[in-house]
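Structural features, examined
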Amino acid sequence: MKEDDGSGAPNRELYALLHLSPDASDEEIRRAYRQWAQVYHPDKYQAPHMKEIATENFQRICEAYEILSDENKRQIYDIYGMEGLNSGLELGPKLNKVEEIKEKLEKLKRMKEQQKTSAHIRPSGTILANLSLPQFLDGDGIMEGMAMASEVQSQLSKRNALAIGGNLQVKEDSGGGIASAVFKHQISSASSIEFIGSAGLHGLIGVQTTRQLSVHSTATMAIAKSFHDGSINLTNSWTRQLSETASGNIELLLGPESSIGVGWQKKDQNMSAGGEVKFGTHSFGVSAHYTHRFSSKSHGRIAGRVGSTALEVEVGGGRKVSDFSTVRMLYTIGIRGIFWRFELHRGGQKLIIPILLSRHLNPVLATGAFIVPTSIYFILKKFVFKPYYLKREKQKALENMERTATQLHDGVKKSGIMGFCDPCPGEPKQLHVEYTYRGGRYEVVVDDYEELLIPQLAHRI
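Cut-offs and rules
- Residue positions are given per chain, counting from 1 as you read along its sequence in written order.
- For this predicted model, a pLDDT threshold of at least 70 governs which residues receive local features, and a threshold of 80 or more governs which side-chain atom pairs are given and counted, while totals over whole chains, interfaces and linings are taken from all residues.
- The basis for every side-chain value is the complete set of non-hydrogen atoms in the structure, without hydrogens or water.
- UniProt positions are given in the numbering used here, feature names are shortened, and annotations may be inferred rather than shown by experiment.
- A run of H or I in DSSP counts as a helix once it spans at least four residues, and a run of E counts as a strand once it spans at least two, with each numbered from the N terminus.
- Pairing of aromatic rings covers Phe, Tyr and the six-membered ring of Trp, with a centre-to-centre limit of 6.5 Å; geometry is then stacked below 30 degrees between planes, edge-to-face above 60, and tilted otherwise.
- Three exposure classes are used, based on accessible area relative to the maximum for each residue type with a 1.4 Å probe and protein chains only: buried under 20%, partly exposed in between, and exposed over 50%.
- Think of each axis as a best-fit line through the C-alpha atoms, taken over the contacting stretch in the case of a helix, with angles from 0 to 180 degrees between the N-to-C directions.
- Here the word oblique covers every angle except those under 35 degrees (roughly parallel), over 145 (roughly antiparallel) and from 65 to 115 (roughly perpendicular).
- Contacts are assigned to residue pairs with any non-hydrogen atoms lying within 4.5 Å of each other.
- Gly counts as polar in this scheme, as do all residues outside two lists: the nonpolar Ala, Val, Leu, Ile, Met, Phe, Trp, Tyr, Cys and Pro, and the charged Asp, Glu, Lys and Arg.
- At least two DSSP bridges between two strands are required for those strands to pair.
- How far a helix is expected to stretch is found by multiplying one less than its residue total by 1.5 Å.
- Arc definition: directions from the helix axis to the C-beta atoms.
- Any carboxyl oxygen of Asp or Glu that lies within 4 Å of a side-chain nitrogen of Lys or Arg is treated as forming a salt bridge with it.

**Observations concerning the UniProt feature "transmembrane region" (unreviewed entry) in the protein**
Under the feature "transmembrane region" (unreviewed entry), the UniProt entry names residues 360-380. This span, residues 360-380, is 86% helix and 0% strand, and a straight line between its end C-alpha atoms measures 29 Å.

Next up, the structure:
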């Protein structure tokens, strides 16, 4: 039977299971439950197919009684049907009024709509601010250059996706920008095609197709034509899964700057590493990186690059400061000079601030530049990040305890609740409760009519 949306008559399916009207009293609901539970109790039937049907009906009757015998659940069901009950409304003393129930359910609906929209539209962006200490000391200002990039990906349908992006960059007195669009069509479960176009600085148009050759290997081929100089570039790459945690790839580029590269990546729960060797018509390069996760919230990283245009080593680490944010501090030394780099990652957004400390490889400055950020990181970790994280965890634990709390109200006879056994009817008694919560053991004793709210820290053994 179709559930009502709450704007018309009450939902009736559960009432129909017990052969009741929506205006039935609590006593009528209890009486109907006992009657139909006896009729459909599985133990009364011997034939397997009859026993299966009886079991299904018995479970539905029990579910109907569980909802209709609870005042708050019955209110929610009458207004919004099973949708309201399945939306995660918190029942108890905080939602006693119909208006509060409606307001809470509308809020949950809005959250689900936002999550649905987020699943189809994924924005991302990066802000890069290059700072220069030598330039600042020369009196020319500390800002050396700036770049901004943004992209929005949208899942148009099950097989089609569109990504639109752009970037702007400024350095000293010059700058430029580019706007790009990528349309992806999933031809089948094993192949896809992408149409690429960009306008502005180094604009181009191209097409790329990807095909899964086997369970462990994938091939990609792309061709692009540049609007800047009219050149055509052809790219072929092959990726092979070497093990459960490792993969390798080969890339061949044919064009004005032809090259061939071989790479390797490995990633598991505690570390990630990778390396690449690349040879071109006018250049060559070797790069490698290793990241170790000390815990679920902190990691360290070391990387290096050697080639015709680069010679540098990078050391640093990062820490997750919230569910969506990560802070990184990196130290780089190479032929371009000595750098600090600070990064803030939040969701799909990044803020990157490289700071040039010196264009010369001074050993004393290089040592000091390494020690200072390391010391700053450990100070922040001890006096800022850790206290903040512990405070948040404690607050979340309290909120979760409050949200998942179960309450037996004052004046409600606990020995009369379904599932409780009353060994001595008519005599004074107490309820002894033992339960576990987040790995801890709890225990409490209350009078038969006394209010009970669990979990509580005072109950911990």
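So, next bit.
**A word on the packing of aromatic side chains**
Per the stated rule, a full pass over the model turns up six aromatic pairs. On the basis of an interplanar angle of 50° and a centroid distance of 6.3 Å, the ring pair of Y15 and Y77 is categorised as tilted. Separated by 62 residues along the polypeptide, Y15 in helix α1 (residues 13-17) and Y77 in helix α4 (residues 71-86) bring together distant segments of the chain. Judged by its relative accessible area of 0%, Y77 falls in the buried class. Considering the side-chain rings of W340 and F342, the 6.3 Å spacing of their centres and the 80° angle between planes classify their relative orientation as edge-to-face. A relative accessible area of 18% places W340 in the buried class.

**A short note on the packing of helix α2 (residues 26-39) against helix α3 (residues 48-68)**
Put simply, α2 and α3 touch, their axes get as near as 10 Å, and they point 170° apart. Our classification of the angle between α2 and α3 gives roughly antiparallel. Residue-level inspection shows I29, R30, Y33, W36 and A37 of α2 in contact with α3, the latter providing F58, I61, C62, Y65 and L68. Among the residues making up the contact of α2 with α3, the classes are represented as nine nonpolar, no polar and one charged.

**Examining the side chain of S298**
Within the secondary structure, S298 is located in strand β13 (residues 298-307). Taking the relative accessible area as the measure of exposure, S298 reaches 7% and is therefore buried. Sequence-distant contacts of S298, that is, excluding residues within four places in its chain, are made with R293, G318, R319 and Y377.

**Looking at unusual backbone geometry**
Even without glycine at this site, H19 takes up a positive phi of about 60°. Within the element layout of this structure, H19 appears in the loop between α1 and α2. Residue classification places H19 among the exposed positions, given a relative accessible area of 55%.

**With respect to the pairing of strand β1 (residues 121-132)**
Relative to strand β2 (residues 143-155), β1 is paired through eleven bridges, and the arrangement is antiparallel. Bridging from a neighbouring strand, P123 pairs with V152 of β2. In terms of strand pairing, β1 meets strand β17 (residues 349-358) through six bridges, oriented parallel. Counted as the bridge partner of S132 is L356 from β17.

**With respect to α2**
With 14 residues, α2 ought to run about 20 Å at 1.5 Å a step, and its terminal C-alpha atoms sit 20 Å apart, in line with that. Among the residues of α2, I29, A32, Y33, W36 and A37 are the ones counted as buried. In an axial view of α2, the angular spread of the buried residues amounts to 125°, which keeps them on one side of the axis.

**A short note on the environment of G261**
Relative to the elements of secondary structure, G261 occurs in strand β10 (residues 259-267). Assessed through its relative accessible area of 5%, G261 is described here as buried. Once residues lying within four places of it in the same chain are set aside, the contact partners of G261 are N249, I250, E251, V277 and K278.

**Considering the pattern of salt bridges**
Working definition: two side chains of opposite charge can pair if their charged atoms are close together. Enumeration over the complete set of coordinates arrives at eleven salt bridges. Between E27 and R30 there is a salt bridge; the shortest N-O distance is 3.1 Å. Of the two residues, E27 and R30 both sit in helix α2, three residues apart, roughly one turn of that helix. With a shortest N-O distance of 3.5 Å, E66 and K73 are connected by a salt bridge. Judged by its relative accessible area of 22%, K73 is partly exposed. Sharing partners across several salt bridges, the network here consists of R301, E314, R328, R341 and E343.

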